[in-house]
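Coordinate analysis (summary)
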Amino acid sequence: MSLFDSFKAFELDVLKEVGNIGAGNAATALSKLLDKPVDMAVPKVSLLPFEEVADRVGGAEQIVLAVFLRVEGEAPGNMFFIIEEQSAKRILNQLLSMNHQDEDGYSEMELSALCEIGNILAGSYLSSLADFTQLPMVPSVPAIAHDMAGAILSYGLMQFGEMGDSALLIETTFLEDRQSLEGHFFLIPDPESFNKIFKALGVELG
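Residues numbered from 1 in each chain as written. Predicted model: local features only at pLDDT ≥ 70, side-chain atom pairs only at ≥ 80, totals over all residues. Heavy atoms only, no water.

**Quick look at a negative patch on the surface**
- A cluster of acidic side chains, namely Glu-51, Glu-52, Asp-55 and Asp-165, defines a negative patch on the protein surface.
- Positionally, Glu-52 belongs in the loop between strand 2 (44-49) and helix 2 (53-56). (Patch = residues over 30% accessible without salt bridge, like charges linked within 9 Å, V, L, I, M, F, W, Y side chains within 5 Å. Areas by Shrake-Rupley, 256 points an atom, 1.4 Å probe, with all protein chains shown as cover. Salt bridge = Lys/Arg side-chain N within 4 Å of Asp/Glu carboxyl O. Lys, Arg positive; Asp, Glu negative; His and termini not counted. Charge placed at Lys NZ, Arg CZ, Asp CG, Glu CD. Helix = DSSP H or I, 4+ residues; strand = E, 2+ residues; numbered from the N terminus.)

Here you go:
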């Protein structure tokens, strides 16, 4: 049985629950930060090969904003919160009430605000996964990049060596004033970390 078959057969429901709890925690944290109601839809959770990550956000040459951080602890890995430019602008304008007008780039304040959103999401999902697995997992200080999706993922590879061959995808949707604002959250455990996560969830992989 392959890793993907094992995952789908035994633990997809558990990881969906991880996503649901993480989304609820993130919505609460964002509401407090922004002092306004923020709802998040039930996220879509899936497992995909690492090489398909860029395809999910429009392809390797798609210009995106990405919040990147390193997961340290018992199951180390890499995390990316990737949003396409249209979603980034809508998050700035609608969710953060920042009047984004520059078609060519983003101000330092705008990047900082988007980075903090990504940081809150990452922390919420990671703490949810840590609670389920009872594995200590701590996020590093996040960084934000505005570049092609392929270049951002390659940078992550260069920084931390070989990434695992599988990614956990949580498709995140904010609901604000009846409009949806979407982002893609990827957890890419190091090669040995997926086995630790599965084992902690009660799955023995062959």
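Having seen the structure, we can now continue with the description.
**Description of the nonpolar core**
- The biggest cluster of nonpolar side chains holds 45 residues, and the ones touching the most others in it are Ile-91, Ile-117 and Phe-174.
- Per element, the largest residue contribution to this core is 11 residues, and it comes from helix 4 (residues 108-133).
- With residues up to four places along the chain from it excluded, the contact list for Ile-91 reads Ile-83, Leu-96, Leu-114, Ile-117, Phe-174 and Leu-181.
- Residues Leu-48, Val-64, Ile-152 and Ala-167 belong to the second largest nonpolar core, which totals 17 residues. (Core = buried A, V, L, I, M, F, W, Y, C linked by side-chain atoms within 4.5 Å. Buried < 20%, exposed > 50% of the residue type's maximum accessible area, 1.4 Å probe, protein only. Contact = heavy atoms within 4.5 Å.)

**Quick notes on the environment of Thr-28**
- Counting through the fold element by element, Thr-28 comes out in helix 1 (residues 3-34).
- Sequence spacing of Thr-28 and Ser-124 is 96 residues, and the spatial spacing of their C-alpha atoms is 9.8 Å.

**Examining the packing of helix 3 (residues 85-95) against helix 4**
- Remark: helix 3 packs on helix 4, axes separated minimally by 11 Å, with the N-to-C direction vectors making an angle of 95°. When the axis of helix 3 is compared with that of helix 4, the two are roughly perpendicular. On helix 4, the residues touching Ala-88, Ile-91, Leu-92 and Leu-95 of helix 3 are Glu-110, Leu-114 and Ile-117.
- Class assignment of the residues belonging to the contact of helix 3 with helix 4 gives a composition of 6 nonpolar, no polar and 1 charged. (Axes fitted to C-alpha atoms, helices over the stretch in contact; angles between N-to-C directions. Parallel < 35°, antiparallel > 145°, perpendicular 65-115°, else oblique. Nonpolar A, V, L, I, M, F, W, Y, C, P; charged D, E, K, R; others polar.)

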